[in-house]
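Examination of the molecular architecture
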Amino acid sequence: MMSLCRNLAVLLLFLIASPLPHSNLFTHATSTTARATRPRIIFLTGIGSEGDNGDDDYDYEKPTVPTQVVKSVQNPLVHQAPKLCHYDFCLENQEPCDQISAKTGCLCPGVSGGDQPPHSPRIQELVPITRGGDRGKIEIRWCAPSSVVTGYKVVIEGGEVLEFEDVSRRGLVRSMEVGTNVCVEAVNGAGHSIPSDFSCMRYEHPESSDHKLLAGIIGGGVALLLVIIIAAVVLWKHQMRRKAKRDSANGLGNPSYSTEGTL
């Protein structure tokens, strides 16, 4: 019994004298808990003032300013289709498109500036005048190009040149022979347009056109009549061949045509 008590006493003294790992864990847990429960102090004023050496154990935190969210304002005009100017290139005495654009803010479709030679205008028709004081003359009608224009020139084959204002879309010229070539040129400060297939036209008198149409109708009728005659001749020859074959077959079958003699 005495030996048992002595052993227990020795074991107890050994445990007390030796360092145990659980003591360190307990100490670490205690220090962590204490540090975690330490109250956080937030200073609203005096942050960064003189005499603040930053040696205190307290954590300093700046106040958070709420961020103001500004909603974007959408411009409804951005998504709208561009407005084109109400401008007719073939209408005479019309306000120029660049002036309309400066007043209303509209867009001129494909208009080149005055620092470039204008595009070629499009000639519409050559109409002879048959009544009134201008009888015998020819009216030229055209459409403006998509360019800045200060005037127009009508060039007639043979060297004659007539000038017209920028708002003009037609002009009267002298009588000319059928087949004469007429061109319309646009002019501005940078130069003039280049003649093209759609800015030039050859004059054809309406009477000559009617004569051509009549000649075409007559020629077509004659050609149709020849086709009918040829078809009738071919059909007649075909019928004659069939009849000749039929008569030949009937002659061979008739006894009276036999060449055998009688005694």
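One structure accompanies this document, and this report is about it. (Residues numbered from 1 in each chain as written. Predicted model: local features only at pLDDT ≥ 70, side-chain atom pairs only at ≥ 80, totals over all residues. Heavy atoms only, no water.)

Here we look at the pairing of strand S2 (residues 138-143)
Which entries qualify depends on this criterion: Relative accessibility thresholds used throughout: buried, under 20% of the residue-type maximum; exposed, over 50%; partly exposed, between the two (1.4 Å probe, protein chains only). Helix and strand assignments follow DSSP, with helices taken as H or I runs no shorter than four residues and strands as E runs no shorter than two, numbered in order from the N terminus. At least two bridges found by DSSP between two strands is the condition for calling them paired.
Extensive coverage of S2 is indicated by the burial of 5 of its 6 residues. The sheet contact formed by strand S1 (residues 122-128) and S2 spans 6 bridges and is antiparallel. Of the residues in S2, the one forming a bridge with Ile 123 is Trp 142. Two strands pair when backbone bridges link them, and S2 and strand S5 (residues 170-173) are joined in this way by 4 bridges, in the antiparallel orientation.

Remarks on the packing of aromatic side chains
Selection criterion: Here is the rule: rings of Phe, Tyr and Trp (six-membered ring for Trp) pair when centre to centre is within 6.5 Å. Planes less than 30 degrees apart are stacked, more than 60 are edge-to-face, and the remainder are tilted.
This structure, assessed with the given rule, holds 3 aromatic pairs. With 5.0 Å between their ring centres and 85° between their planes, Tyr 87 and Phe 89 make a pair best called edge-to-face. Its relative accessible area of 21% is what places Phe 89 among the partly exposed residues. A network of ring pairs unites the aromatic residues Trp 142, Tyr 152 and Phe 164 as a single cluster.

Notes on the state of the cysteines
Convention followed: Cysteine sulfur atoms that pair up within 2.5 Å are treated as a disulfide.
Under the defined criterion, the tally for this structure stands at 4 disulfides. The disulfide partner of Cys 85 is Cys 106, and the gap between their sulfur atoms is 1.9 Å. Taking the sign of the S-S torsion, about 95° here, the bridge from Cys 85 to Cys 106 comes out right-handed. On the criterion of sequence distance, the pair formed by Cys 85 in the loop between helix H2 (21-36) and helix H3 (97-104) and Cys 106 in the loop between H3 and S1 is long-range, its members being 21 residues apart. A residue is classified by how much of its surface remains accessible, and Cys 85, at 9% relative accessible area, is buried. Between the sulfur atoms of Cys 90 and its disulfide mate Cys 143 the distance is 1.8 Å. Handedness here is read from the sign of the S-S torsion; for Cys 90 and Cys 143, about 100°, the answer is right-handed. Of the two residues, Cys 90 sits in the loop between H2 and H3 while Cys 143 sits in strand S2, which places them 53 residues apart along the sequence. For Cys 90, a relative accessible area of 27% translates into the label partly exposed.

Scope: geometric values only; no functional claims are made or implied.
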